[in-house]
Each structure stands twice: as C-alpha cells, then as structure tokens.
Amino acid sequence: MSVLVLVLAVSAACCLGFGFVLQQDAAQKAPLSDFLSFRLLLDLMRVPRWLGGLGLMVAGMVLGAVALGKGEISLVEPLLATNLLFALALSRYRTRQSLGRQGWAGLALLAGGVSAFIVAGEPRGGHAIADPLRHWLIIGAMVGAALVLTAYGKRSRLSWGPVLLATAAGLLYGVQDALTRVSGTLFSEGGFAELFTGWQPYGVLACGVTGLVLVQSAFETAPLRMSLPALTAAEPLAGILCGVGFLGDRLRTDTGALAWEASGLAAVVVGIVLLGLHPAMPCGAAEAEPPARDLQRR
C-alpha cells in the first residue's frame, strides 16, 4: 500500500469526521419545514458553523478524490470509513465522555476490520470494464436503492427515517467516489475537453448535491448517533461494489481470503455501529429538546 494513499485517505477521513459533527450541530436547529428540500441548504448557508463543517467536508472529498486517483477504490473506501473515529474524537472532546468498553471495542473492530480486509483482499488495480451496460446496471441498482430508501425515509422521518436517509446518502456517495475515479481517468487521458464531454463529472455533482440534502435532512431530524453510522457503513460498501463491479479493482478470491474479507467488512460495520451509538456522540436537538421539537412537528 502506498504511504501517500494512506496519508491522503486518513486525512480525508479526518476532515469528513470533523465536518459531519459541525454540520449536524447546525442542522439540528434548522426548521423541520425544510426537510428534504434544497431550501434547507440555503438556510444552513447562513450559519457559520455549518459553513465551516461544509468546508471541512469538501476538503475531505478533495483529498479522497486525490487518494482515489492514486489508489484503488477498494483500498481507499475502507480507510475513509475511519471518519467515524475522528467524529467520535471531536465529540468526546466536547462532551468529556470517556471511551469505556463500548468505545474501545468499536475502535478495535473498525481498525481491525479495515486492516483484515486490506491485508486479506490485497486490493490492486486492473483494467476497467468497458461494457456500459454493466456500469449502468450497478449504478442504477445503487441509485434505485437510494430512491427507495428516501421514499420510505420521507414517510417515517421521525422514527427510522434518518437512518434510511443516511443509508441512501451513503450509497450515493459510494457511487460518487466511483465516478470521481472515472472522471480523474478521463482528465488524465484528454484534459478538460475529454472530462466535460462525458457524463461522469455531472453524475459526481448530482450525487454530491443530492447526498448533501439527504445527509442534512437526516442530521436535522435525529441525533448524530442515528445517522452517521448508517452513512459511514453504506458508502464503502457501495464504493467497493462499484470498484470490483466495473472499475477493474481486483481482490483475492480464494476461500480463505474471501472469509477474511467478509469478516473484515462485518467487523467494520459492527465497529461503526458501536462507535456511532457511543454516549460521546452528540444527542442532538431531537433528544435534548423534545418539547420544542414536538411543537415544531405539530
């Protein structure tokens, strides 16, 4: 594994984790009438803390894009999932809450799962699959699943809705990461002329803006501990599927390696859930101020 890719991916995860905490802190105070509306972004743009969180998130995406340009998506995505560690570190600093058994167990599972997947799978590059049908089938499945989750999330926005919306956003961000990798290849081969004549950069923009609305709506209606684990778990799974499915990433496929890869991904998901549910994570206005939020909902 390239040290540069490792540094870039972990730096991106740091920016993303810090940015998510700042964004949720501002989004939880937004009016519920802005739920799943682009008006929510316009309202949040007037909040300095949210803008700071957005700046960190954009920096994280840029660093992640550079990492994707220099390494395989199947390698970078698990490293980006460690953003939850940095989100927990900032939340712990603000709440003065100790890690305890749950925090240490989640940390060990997340770090160990990422390590197990990378060591067992040995992600390496290959030739991207040129068949456009395969591209559209995989991307269509991810976007279709995101649409279904969003529809159900809209119906149950005050119960499981935030989890469903965050999962949908994670799927879109995984697709965005894959399209970012393709866009980087187009730019390196033909410059701006080649880049902007393809549909991929516009897909990156569409996935990014739509995912941002979904994430902020999830942050607005629920504590960070409900939304961030789903977002963090869905993005690498979708990204790895796209990487192996049509970007040409190759993983070891012998029985032992597959078992360790599956175990590693399972440990990552469990670790994410444990860290996301840690008491140090901000409870949000949905828990901290139930009377005021209830009045707004009515």
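Up top you'll find the structure we're talking about.
Quick caveat, the model's predicted, so the values are computed rather than measured.

(A) Highlighting the pattern of salt bridges. For the structure on display, the rule yields six salt bridges. Across the salt bridge formed by Arg46 and Asp43, the nearest N and O atoms sit 3.1 Å from each other. One salt bridge connects Glu122 with Arg252, and the closest N-O pair in it is separated by 3.8 Å. Here Glu122 is found in the loop between α6 (100-121) and α7 (132-155), whereas its partner Arg252 is found in the loop between α10 (224-245) and α11 (255-276), with 130 residues between them in sequence. You can call Arg252 partly exposed: its relative accessible area is 28%.

(B) Fine view of the nonpolar core. Residues Leu228 and Leu231 are the most contacted members of the largest nonpolar core, which totals 76 residues. Ranked by residues supplied to this core, first place goes to helix α8 (residues 161-196) with 13 residues. Among residues more than four places away in sequence, those in contact with Leu228 are Phe20, Asn83, Leu84, Ala87 and Met281.

(C) Structural view of the side chain of Glu261. Here Glu261 lies in helix α11. For Glu261, which is buried and forms no salt bridge, the nearest opposite charge comes from Arg252, at a distance of 6.0 Å.

(D) Structural context of the packing of aromatic side chains. All told, the structure shown has five aromatic pairs when counted by the stated rule. The interplanar angle of 75° and the centroid separation of 6.2 Å between the aromatic rings of Phe20 and Phe219 together place this pair among those described as edge-to-face. You can see Phe20 sitting in helix α1 (residues 3-27) and its partner Phe219 sitting in helix α9 (residues 200-221), a full 199 residues away along the chain. Residues Phe20 and Phe219 agree in their burial class; the two are buried. Considering the side-chain rings of Phe187 and Phe192, the 4.9 Å spacing of their centres and the 65° angle between planes classify their relative orientation as edge-to-face. The exposure class assigned to Phe192 is exposed, which follows from its relative accessible area of 55%.

(E) Region of interest: the side chain of Asp25. By the element assignment, Asp25 lies in helix α1. On the accessibility criterion, Asp25 (14% relative accessible area) is buried. Look past the residues within four positions of Asp25 in its chain and what remains in contact with it is Arg49 and Arg94.

(F) Quick look at the layout of surface pockets. In this model, the largest pocket occupies a volume close to 1000 Å³. Lining the largest pocket are 48 residues; nearest its centre among them are Gln176, Asp177, Thr180, Arg181 and Val204. Mapped by element, the contributors of at least two residues to the lining of the largest pocket are α1, α3 (48-70), α7, α8, α9 and α10. Looking at which element gives the most residues to the lining of the largest pocket, the answer is α8, with twelve residues. When its residues are assigned to classes, the lining of the largest pocket shows 28 nonpolar, 16 polar and four charged. Taken as a whole, the second largest pocket holds about 180 Å³ of empty space. Forming the walls of the second largest pocket are Val143, Ala146, Leu147, Thr150, Leu172, Ala206, Cys207, Thr210, Val213 and Leu214. Of all the secondary-structure elements, those providing two or more residues to the lining of the second largest pocket are α7 and α9. Here the lining of the second largest pocket takes five residues from α9, the largest share from any one element. A breakdown of the residues in the lining of the second largest pocket according to their chemical character gives eight nonpolar, two polar and no charged.

The rules behind these values
- Residues numbered from 1 in each chain as written.
- Predicted model: local features only at pLDDT ≥ 70, side-chain atom pairs only at ≥ 80, totals over all residues.
- Heavy atoms only, no water.
- Salt bridge = Lys/Arg side-chain N within 4 Å of Asp/Glu carboxyl O.
- Helix = DSSP H or I, 4+ residues; strand = E, 2+ residues; numbered from the N terminus.
- Buried < 20%, exposed > 50% of the residue type's maximum accessible area, 1.4 Å probe, protein only.
- Core = buried A, V, L, I, M, F, W, Y, C linked by side-chain atoms within 4.5 Å.
- Contact = heavy atoms within 4.5 Å.
- Lys, Arg positive; Asp, Glu negative; His and termini not counted.
- Phe/Tyr/Trp six-rings, centres within 6.5 Å; stacked < 30°, edge-to-face > 60°.
- 1 Å grid on protein atoms, 1.4 Å probe; cavity = no way out; pocket = protein on both sides within 12 Å on 5 of 7 lines; lining within 4 Å.
- Points joined across faces, edges and corners; volume = space filled by probe spheres on them.
- Nonpolar A, V, L, I, M, F, W, Y, C, P; charged D, E, K, R; others polar.

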